[in-house]
Number of protein chains: 2
Amino acid sequence: MLENTIAEIGPLDESAMTAARQLQERLTKPAGSLGALEDLSVRLAGLAGMCPPPLPTPAAVAIFAGDHGVHAQRVTPWPQEVTAQMVGNFLAGGAVVNAFARQAGASVAVVDVGVANPLPGLDSDDEGGDGTPRLVSAAVRRGTRDMTVTAALTRDEARAAVEVGIRIAGDLIDAGAGILLTGDMGIANTTPAAALIAAFTGVDAAEATGRGTGVDDPTYQHKIEVVRSALRRHTPDPADPLGVLATVGGLEHAALTGLVLGAAARRVPVLLDGVIAVSAALAAAAFAPDAVGAMVAGHRSAEPGATIALRRLGLDPLIDLGLRLGEGTGALLALPVVTGAVRVLHEVATFDSAGVAEK
Amino acid sequence: MLENTIAEIGPLDESAMTAARQLQERLTKPAGSLGALEDLSVRLAGLAGMCPPPLPTPAAVAIFAGDHGVHAQRVTPWPQEVTAQMVGNFLAGGAVVNAFARQAGASVAVVDVGVANPLPGLDSDDEGGDGTPRLVSAAVRRGTRDMTVTAALTRDEARAAVEVGIRIAGDLIDAGAGILLTGDMGIANTTPAAALIAAFTGVDAAEATGRGTGVDDPTYQHKIEVVRSALRRHTPDPADPLGVLATVGGLEHAALTGLVLGAAARRVPVLLDGVIAVSAALAAAAFAPDAVGAMVAGHRSAEPGATIALRRLGLDPLIDLGLRLGEGTGALLALPVVTGAVRVLHEVATFDSAGVAEK
């Protein structure tokens, strides 16, 4: 499934992009006055292969939840059971991602790709209905291994997690989604994200590692050493993204890689959330460079590694407000900007049609 | 009316802000992880005097349209009749502001505070209905005078325009608006905006002046000289905001000043659009420094003067995407961020209520 998905990913359609650029020039506004929204609308036309591209609606958030063996290295003060508890909070509609999804009219699917602790009293594959989030049980294993001791995942496990993401992308798009939003939950998951970013970009562990939920100075220094130690142990090869995901990644990171690849293969835009998402996006770009064409950077996480990854991907984020929550919250805040950028091509009058003089 | 409005503007409520800070700490997310949204939610609690503050909905955009005598100095290649034509476009629903307002569920009122040319075949004070924009006829005069030759407005005219804005704010809030968004239309209006910003902040005309709709180098240099010449002629006193608005301002700038003051007096947030809005916000802050508490900076306009004004006001913009269209478009893009910031305080579970462990 992974190889077939990669094979389906192609470049943006130049003629649709040219048509979008020409349409932008005829709309009743000074040329270029919508700034980054104009460029975004052109790229989404290229992705869809038509001008205007379809409005990116309905929107579907996929939150991949997983746990991390490296949690044993005390890289965070939060107990591991919070991952399962927050899955419960998502399914009860009580988290920030739920509030933002209700506001944006987006659906939420929570995908257990490897939570270590039992989920509290939940029916798996609950259909949800009435706007409540849906749980998809797709655990590859109950948390990764400690990457400072051994590979976090086998190659087969990493592949299985990527294919969970590909399958979820396909299911959401088959159900009508016009845009996918990345979400994540996993106590300690900024540690493998930092390792992935260092592995794919070549920056030092100290540059790629941030404070996650806000750890204190000693924990932060220790976290950098943990990332450095894992990289030294495995020396992951950035040309082998499956190997990188297996040795220093996480189950939700691998699944998000698959979600991005699956969206790109179907030529549906995928709106990236924070540092977990962009670390997975680096893996997706390593599998298929053209996948970047389907990516929209929702926001700039406060995590320093996010900025490094975005620069490598060549993506400018739409929102930059110091968020570092994850869950898909930053992507949801950016969603109206993406929709607005496309809506302009659908709804705004031209100088001719509106009888407005040009300069 | 102006003096009474100023007298009603007071400081933020410290106890509501403390309550909002304490609530943010108990919600199921790492402390501080919503970045600027947390600070915004605290400030809006202080403005409303309650925690949580009301959701800022419904939203109402007020687009003030006016013309400018300084247009005769060839500061822009666009003909003056475009102001009236774009008012027609707004009322027909064909402009970018209309597309964004439909998406955000915001109402649009277009206020003719001084358009020079006849509006094309429109009934004044049309009620609109069914979501189409409403026209309010409130012209103080049919465009300002050329500020390089004489004062743009008399003090009485400037006051009348400010009071149009105050009245509109009151009308929209009486009709139920939970947040006001600033909009503007007026060919050449970045020229008086630059003069206002230079007058209120003391920066040089060259720093405050931008390319507006995107003028070429010779026009840009000439525009700077026009701003400089107007400032030299009138030497406006920043401690006399009515005098500044009269000598180097515009009718829509003055009306926006009134809209901001009117919102602040009613303790309703006002979401600022671009450079025209922030130049008016400087005037509002000069009338009543506490009015800044009601202001939310929607976005950072590409106009350099906007950044100077925002810095002076101490406001960080929510969106920074190189927009320079005006109309209220940047404010509308930021509206979901503001609503989301408040929604968190209403809807997100606490650690206790959700049974989530803390670190």
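Values in this document were obtained by computation on a predicted structure and should not be read as measured data.

Participant: Just checking my understanding: could you explain the overall build of chain A for this structure?
Facilitator: For chain A, the count of helices and strands is 15 helices and six strands. Relative to a compact globule of 359 residues, whose C-alpha radius of gyration would be 21 Å, chain A shows 20 Å and is just as compact. Oriented by its inertia axes, the alpha-carbon framework of chain A measures out at about 70 × 45 × 40 Å. Counted over contacts in chain A with a minimum sequence separation of 6, partners at least 24 positions apart contribute 79%. When the accessible surface of chain A is summed, it comes to about 11800 Å², and 49% of that surface belongs to carbon and sulfur atoms.

Participant: Which parts of the structure should I look at to understand the packing of helix α7 (residues 190-201) of chain B against helix α10 (residues 241-248) of chain B?
Facilitator: Describing two packed helices takes the angle between their axes plus the distance from one axis to the other. Residues and elements named next belong to chain B. In contact at an axis separation of 10 Å, α7 and α10 are set at 145 degrees when each is read in the N-to-C sense. Once α7 is placed against α10, the crossing between them reads as right-handed. Residues P192, A195, L196, A199 and F200 of α7 pack against P241, V244, L245 and V248 of α10. Classifying every residue of the contact of α7 with α10 by side-chain character gives nine nonpolar, no polar and no charged.

Participant: Before we go on, may I ask you to explain the domain arrangement of chain A in this structure?
Facilitator: Many structure descriptions define interface size as the accessible area lost when the parts assemble. Residue and element names in this part refer to chain A. Domain boundaries assigned for chain A yield domain 1 (2-53 + 345-354) and domain 2 (59-337). Inter-centroid distance (C-alpha atoms) of domain 1 to domain 2 is 29 Å. Between domain 1 and domain 2, the contact holds 16 residues from the first and 24 residues from the second. Taking both sides of the interface into account, the surface hidden between domain 1 and domain 2 amounts to around 1700 Å²; carbon and sulfur atoms contribute 64%. Per-residue buried area on domain 1 facing domain 2 is highest for L2, I9 and L47; these three make up 41% of the total on that side. The interface formed by domain 1 and domain 2 includes one salt bridge. Taken together, the links from domain 1 to domain 2 amount to eight residue pairs in polar contact (both at pLDDT 80 or more). Looking at the side of domain 1 that touches domain 2, the elements that each hand over two or more residues are α1 (2-8) and α3 (36-48). With six residues, the top contributor of residues to the side of domain 1 that touches domain 2 is α3.

Participant: Please explain the packing of helix α11 (residues 251-265) of chain A against helix α12 (residues 275-287) of chain A as it appears in this structure.
Facilitator: Residue and element names in this part refer to chain A. Between α11 and α12, the least distance of the axes is 8 Å, while the angle of their chain directions is 55 degrees. Between α11 and α12, the interaxial angle falls into the category oblique. In the crossing of α11 with α12, the sense of the turn from one axis to the other is right-handed. The segment α11 lies against α12, with E252, H253, L256, T257, V260 and L261 engaging I276, A277, S279, A280, A283, A284 and F287. In terms of residue class, the contact of α11 with α12 is made up of nine nonpolar, three polar and one charged.

Definitions and limits used
- The numbering scheme is per chain: residues are counted from 1 as the chain's sequence reads.
- A letter from A marks each chain and a number from 1 marks each ligand, given out in the order of writing.
- Where totals are concerned, whole chains, interfaces and linings use all residues; where local detail is concerned, this predicted model gives features only for residues with pLDDT of at least 70, and gives and counts side-chain atom pairs only at 80 or more.
- With hydrogens and water stripped out, all remaining heavy atoms of the structure feed into the side-chain values.
- Helix and strand assignments come from DSSP, with helices taken as H or I runs of at least 4 residues and strands as E runs of at least 2, each series counted from the N terminus.
- As defined in this context, the radius of gyration uses C-alpha atoms, and a globule is described by 2.2 Å times the residue total to the power 0.38.
- Here a residue-residue contact requires only that any non-hydrogen atoms of the pair lie within 4.5 Å.
- Accessible surface is estimated by sampling points in the Shrake-Rupley manner with a 1.4 Å probe; for residues, cover comes only from the protein chains shown.
- To obtain an axis, a line is fitted to C-alpha atoms, over the contacting stretch when the element is a helix, and the angle between two such axes runs from 0 to 180 degrees between their N-to-C directions.
- By definition, any crossing whose near helix is turned counterclockwise from its far helix by less than a right angle is left-handed, and any crossing with a clockwise turn is right-handed.
- Under the convention adopted here, Pro, Cys and the residues Ala, Val, Leu, Ile, Met, Phe, Trp and Tyr are nonpolar, Asp, Glu, Lys and Arg are charged, and Gly plus all remaining residues are polar.
- What fixes the domain bounds is an automatic or database domain assignment.
- Buried area: the accessible area, evaluated with a 1.4 Å probe, that two parts lose upon being put together, summed over both parts.
- Any carboxyl oxygen of Asp or Glu that lies within 4 Å of a side-chain nitrogen of Lys or Arg is treated as forming a salt bridge with it.
- Pairing of N or O atoms within 3.5 Å defines a polar contact, subject to two protein rules: one partner must be a possible hydrogen donor and the other a possible acceptor, and residues neighboring in sequence count only if both atoms are side-chain atoms.
- Angle categories: roughly parallel below 35 degrees, roughly antiparallel above 145, roughly perpendicular from 65 to 115, and oblique for all the rest.

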